[in-house]
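A look at the structure
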Amino acid sequence: MEIERKFLIANLPENLTDYPCHRIEQGYLCTNPVVRIRRQDDSYILTYKSGGMMSREEYNLPLTKESYEHLRPKTDGIFISKKRYCIPFGKYTIELDIFEQDAAPLILAEIEFPSEEEANAFIPPGWFLEDVTWQPYYHNSYISRHGYQAPDSNTNV
């Protein structure tokens, strides 16, 4: 089970380069339910996610590089590239995603929780701007199909 909240941020934290950073690229074979392939650094993963916004089932299966390369051209829509910084925050880790290419200039912070109660009780740090957990156009699967639009242009979503 994946339980996470997503936030836009007001500004990047100081000393961002002091935190671990991963290079991620991912594409979607299906978006309902979500079936995604991802390369994170030198690891390759096939992920299934059920429907849902904050809570949903998630299963990860390892892929070989060859399997990933075979599936990559079969993905639909935009292939997402991003840098992910892992920032400790109390007992949680903030995953700060800085999107590149077609999804730039989007920057999102995600936090995973062990329970919905903890997710609902979470008080974000001051550099977080807006909770967008319940807004589907900030989910990567949505962005892969429709691209990223700045909030001012989301009026037709």
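Description of the structure in this document.

What counts and how
- Residues numbered from 1 in each chain as written.
- Predicted model: local features only at pLDDT ≥ 70, side-chain atom pairs only at ≥ 80, totals over all residues.
- Heavy atoms only, no water.
- Helix = DSSP H or I, 4+ residues; strand = E, 2+ residues; numbered from the N terminus.
- Contact = heavy atoms within 4.5 Å.
- Core = buried A, V, L, I, M, F, W, Y, C linked by side-chain atoms within 4.5 Å.
- Buried < 20%, exposed > 50% of the residue type's maximum accessible area, 1.4 Å probe, protein only.
- Phe/Tyr/Trp six-rings, centres within 6.5 Å; stacked < 30°, edge-to-face > 60°.
- Polar contact = N/O pair within 3.5 Å; in protein donor to acceptor, adjacent residues only side chain to side chain.

**Looking at the environment of Tyr19**
By the secondary structure assignment, Tyr19 is in the loop between strand 1 (2-9) and strand 2 (21-31). For Tyr19, the contacting residues outside a window of four places in its chain are Glu14, Tyr85, Cys86, Ile87 and Pro88.

**So, the nonpolar core**
Leu96, Ile111 and Phe128 are the most contacted members of the largest nonpolar core, which has 18 residues in total. Contributing elements (two or more residues each) for this core: strand 1, strand 7 (76-89), strand 8 (92-99) and strand 9 (107-112). Phe128 has contacts with Phe7, Leu8, Ile9, Ala10, Ile94, Ala109, Ile111 and Phe122, leaving out every residue within four places of it along the chain.

**A short note on the packing of aromatic side chains**
Tallied over the full model, the rule gives 12 aromatic pairs. Relative to Phe128, the ring of Phe7 has its centre 4.9 Å away and its plane inclined at 50°; by these criteria the two rings are tilted. Highlighted residues: Phe7 in strand 1 and Phe128 in strand 10 (residues 128-131), separated in sequence by 121 residues. Taken individually, Phe7 and Phe128 each receive the classification buried, so the pair is uniform in this respect. Taking the centre distance of 4.8 Å and the plane angle of 80° together, the rings of Trp127 and Phe128 count as edge-to-face.

**Topic: the side chain of Gln135**
Structurally, the position occupied by Gln135 is in the loop between strand 10 and helix 3 (140-146). In this structure the side chain of Gln135 is engaged in a polar contact, spanning 3.1 Å, whose partner is the side chain of Glu130. Apart from residues no more than four positions distant in its own chain, Gln135 is found in contact with Met53 and Glu130.

**Let's talk about unusual backbone geometry**
Cis geometry marks the peptide bond from Asn32 to Pro33; its omega dihedral reads 0°. Relative to the helices and strands, Pro33 is located in the loop between strand 2 and strand 3 (34-40). For the bond from Ala104 to Pro105, the omega torsion is 10°, close enough to zero to count as cis. Structurally, Pro105 is set in the loop between strand 8 and strand 9. Here Asp41, not a glycine, exhibits a phi torsion of approximately 55°, which is positive. Tracing the backbone shows Asp41 in the loop between strand 3 and strand 4 (43-49). Its identity as a non-glycine residue notwithstanding, Gln101 has a phi of 55°, on the positive side. The residue Gln101 is located in the loop between strand 8 and strand 9 in this model.

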